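Structural overview
What follows is each chain in one-letter form.
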Amino acid sequence: MSLLERICGPEDLKSMDLEEVAALAAEIRELLINVVSKSGGHLASNLGVVELTLALHRVFRVPEDRIIWDVGHQCYTHKIVTGRRDRIESIRKKDGICGYPDIFESEFDALNTGHASTSLAFASGMALARSRQKKDYHVVAVIGDGALTGGVALEALNHIGQVKPRLIIVLNDNKMSISPNVGGISKHLNYLVSGRPYIRLKELVQAILKNIPGIGKPMVELARKIEVLIRTMMVPGSLFDELGVKYIGPINGHDQAELEKELNEAKKYDFPVLLHVVSEKGHGYQPAEENPSSFHSSLPFEVANGKFLKSHTPPSYSTVFGQTVLKIMREDPDVLAITAAMPEGTGLNLAQQEFPDRVYDVGIAEQYMFDMAGGLSLAGLKPIIGVYSTFLQRAVDQVTHDLSLMKIPVVVGIDRAGLVSGDGPTHQGIYDIALLHPVPNVVLAAPRDENEMQHLIHSAFTYACPVFIRYPKEPGRGVEMEKQFRDILPGKCETLRAGRDLLFLGVGPLVYHALEAAERLSATAGVEATVVDVRFIKPLDKEAILNHLRDHKYVITLEDGVINGGFAGLIRELILANGLKDLNLLSLGVPEVIVPTASRSELLAQYQLDADGVERSARRLMGL
Ligand SMILES: Cc1ncc(C[n+]2csc(CCOP(=O)(O)OP(=O)(O)O)c2C)c(N)n1
């Protein structure tokens, strides 16, 4: 029986000695590598917190004590040791366990997370409530150095230092966000780890002790005590101490004994403490140690050599976005690109390699990114932002209160717009249409393929307002990419197919699903459909769409986003405002539900947005 098979819950960890825990950590690493190699997922971050997770579960009593995982992508070991070992193969898959903590999945998960930097605020609230209710459980927030750059985490620290709840913050510092971490806080953490005299003294003490032959246990213990003493004497105000949170560290994140000792120590304080744990992203698997960014959210790979198993698909929309931005930057020195800690994900790493001083990685700071872009633009430069739809949600106020109000020209590529594979409810890009279309002064476009996308990005710089271009996380269609940019006028749709019986109004690449359904309906049922690439959700091509609506009895709208408040509502309003009657309208899109974890194609099928679903829906609408 493997050690892992003996672990049915965290209590089983507590009877193990340190040797067994080390062997268990090795088994867990092997399992993590195998699982992620098959279906992809967050490998490097998980490998980096194996010892930390085991230490937390050995020191605390979860679920009475609450452990909050910031972002939550590093929760795999936590799930394995809290009764979900047998389901770990199903992680990120349809009907499987979620890739992030989920309070509905397990009582051991204290908080649903997915977006960065929320842990400290929730931990603060829980700890304050616990004290008011005279209860005595522990609240522990585990936050990475990347997530610590997020504004909401810093807001929380500011308040925690004032109200001082009994709370343990474990700062897992691996020097990496997805890419190398950025900014002054990151520098400060480096200073705390390596720049201070105590570290050098610690190393000196260790070196001397190592060289004394036959040194016994009591001496080692004494050395440890001296070290703690030196540390407390020599820590000149860390940023955290200055803010009112006691700093403890640095602590080796792969030294089980040290971790457990310090966590036990931290339990004793009745005010907020921060344990600075230093770990290595990808620890224990060489390819991930050497390339932690690629193994952050990993594709399937070969375990023996860490080579990714690539599928031979056309370049993704993200890649084409990156290539297009690079092309534009080569032509126009005023164009600057900005990402909030996602250079690889957004494709902006391409421009970053060629123009390192014209691409800003601002860290996990979406709100700042939008206002900073506004500043660049007001001062006469031409910023372009790459951001995932789900993280754009963080900056809605910057869009409405700042960019829209002053009509500031900023171009925004909204990546992962629509249904998203694997990451589950927290990462769906389904709200951007509903959030952005009511905002004055903005343009919101959805290209149907990568060629149209490049022309829209180019054209967006001429629109003189905030422009949002949304595209999904999927390979492009492999269409021919025209060499020269073409100007596309805002607010013009394009009719791709003409037919008298049925009208499809499609947003983005879903238009191709409508085209496929239209061909099948024509071949099998003699139904001829018009297919319109709406292209601009705002400004909507009302005139052209109204003409089409007048000519058809059956209408289907398709959008890769929520129906409630989305594109469908705009068409309904148009119909009502123009007194069009006897229309049979069907809206395809995402209903008002928490979208479950599944692949993009499974989700598209679930909501009738693949070609089969569109065809079936048309038949139902027309009574065929
Ligand atoms: C608001 C927000 N922006 C961006 C992301 C994408 N993202 C996921 S994990 C991550 C890096 C987190 O780094 P860190 O907290 O240090 O954890 P590590 O993976 O290094 O353990 C980023 C940028 C996110 N989840 N949430």
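Here is what the cut-offs are and how they apply
Residues numbered from 1 in each chain as written. Predicted model: local features only at pLDDT ≥ 70, side-chain atom pairs only at ≥ 80, totals over all residues. Heavy atoms only, no water. Domains from an automatic or database assignment. Contact = heavy atoms within 4.5 Å. Buried area = accessible area lost by both parts, 1.4 Å probe. Salt bridge = Lys/Arg side-chain N within 4 Å of Asp/Glu carboxyl O. Polar contact = N/O pair within 3.5 Å; in protein donor to acceptor, adjacent residues only side chain to side chain. Nonpolar A, V, L, I, M, F, W, Y, C, P; charged D, E, K, R; others polar. Near = heavy atom within 4 Å. Areas by Shrake-Rupley, 256 points an atom, 1.4 Å probe, with all protein chains shown as cover. Core = buried A, V, L, I, M, F, W, Y, C linked by side-chain atoms within 4.5 Å. Buried < 20%, exposed > 50% of the residue type's maximum accessible area, 1.4 Å probe, protein only. Phe/Tyr/Trp six-rings, centres within 6.5 Å; stacked < 30°, edge-to-face > 60°. Helix = DSSP H or I, 4+ residues; strand = E, 2+ residues; numbered from the N terminus. Lys NZ or Arg CZ within 6 Å of the ring centre and 35° of its normal. Pairing = 2+ DSSP bridges. Axes fitted to C-alpha atoms, helices over the stretch in contact; angles between N-to-C directions.

Interface size is commonly expressed as the accessible area that is lost once the parts come together. For the protein chain, the domain assignment lists domain 1 (4-176 + 238-290), domain 2 (317-470) and domain 3 (494-622). Taken together, the contacts link 5 residues of domain 1 with 4 residues of domain 3. Both faces combined, the contact of domain 1 with domain 3 buries some 320 Å², and carbon together with sulfur accounts for 61% of it. Contact with domain 3 buries area across many residues of domain 1, yet Arg-92, Lys-94 and Cys-98 alone supply 86% of it, more than any other trio. Applying the counting criterion to the domain 1 and domain 3 interface returns 0 salt bridges. Remark: the boundary between domain 1 and domain 3 carries 0 residue pairs in polar contact (both at pLDDT 80 or more). Considering only residue class, the side of domain 1 that touches domain 3 consists of 1 nonpolar, no polar and 4 charged.

Another aspect to go through is the site of the ligand. By nearness alone, 22 residues border the ligand, and Ser-45, His-73, Gly-146, Lys-281 and Glu-366 come closest of all. At 2.8 Å from an oxygen atom of the ligand is found a main-chain nitrogen or oxygen belonging to Ala-147. Separating a nitrogen atom of the ligand from a side-chain N or O atom of Glu-366 is a distance of 2.7 Å. Summarising the interface, the protein chains cover 97% of the accessible area of the ligand, which totals 590 Å² for the free molecule. When residues of the shell around the ligand are sorted by domain, at least three fall in each of domain 1 (4-176 + 238-290) and domain 2 (317-470).

Right, let's get into the nonpolar core. Residues Phe-370, Ile-385, Phe-468, Leu-505, Leu-549, Phe-567 and Ile-571 are the most contacted members of the largest nonpolar core, which totals 52 residues. For this core, the domains that each give at least three residues are domain 2 (317-470) and domain 3 (494-622). What Phe-370 contacts, discounting residues up to four positions off in sequence, is Ile-385, Val-387, Leu-392, Ala-395, Gln-398, Val-399, Leu-403, Val-412 and Phe-468. Tyr-100, Ala-141, Ala-147 and Val-245 belong to the second largest nonpolar core, which has 32 residues in total.

The subject of this paragraph is the packing of aromatic side chains. Within this structure, the stated rule accounts for 11 aromatic pairs. Ring plane angle 35° and centroid distance 4.8 Å describe the contact between Phe-295 and Phe-308, whose orientation is recorded as tilted. Of this pair, Phe-295 sits in the loop between helix H13 (286-290) and helix H14 (317-331) while Phe-308 sits in the loop between H13 and H14, and the two are 13 residues apart along the sequence. Relative to Phe-308, the ring of Phe-301 lies with its centre 6.4 Å away and its plane at 80°, an arrangement referred to as edge-to-face. For Phe-301, a relative accessible area of 3% translates into the label buried. Residue Phe-308 is classed as partly exposed on the basis of its relative accessible area of 24%. Linked through ring pairs, Tyr-285, Phe-295, Phe-301 and Phe-308 together constitute an aromatic cluster. Above the plane of the ring of Phe-355 lies Arg-358, whose end atom (NZ or CZ) is 4.5 Å from the centre.

What follows concerns the sheet that holds strand E17 (residues 584-590). Hydrogen bonding along the main chain pairs the strands of a sheet, whether they run parallel or antiparallel. If you trace the 5 strands from one edge of the open sheet to the other, you get E12-E14-E13-E16-E17, paired in mixed fashion. Looking at which strands have only one partner, the edges of the open sheet turn out to be strand E12 (494-497) and E17. Strand after strand, the sheet turns through a mean of 20° between neighbouring axes, direction not considered. Pairing of E12 with strand E14 (residues 529-533) involves 3 bridges; the strand directions are antiparallel. Pairing of Arg-497 across the sheet is with Val-531, part of E14. This element, helix H22 (residues 510-525), spans E12, strand E13 (502-506), E14 and strand E16 (554-562) of the sheet and lies at about 170° to E14. Where helix H24 (residues 567-577) meets the sheet, its contacts fall on E13, E16 and E17, and the angle it forms with E16 comes to roughly 145°.

As a further point, take the pairing of E14. Looking along a regular strand, one sees the side chains alternate between the two faces of the sheet. By the criterion of burial, E14 is predominantly enclosed, with 5 of the 5 residues buried. Side chains of E14 alternate between two faces, with Ala-529, Val-531 and Asp-533 and Thr-530 and Val-532 buried alike. Pairing analysis gives 5 bridges linking E13 to E14, with the strands arranged parallel. Residue Leu-503 lies in a different strand from E14, and its bridge partner there is Thr-530.

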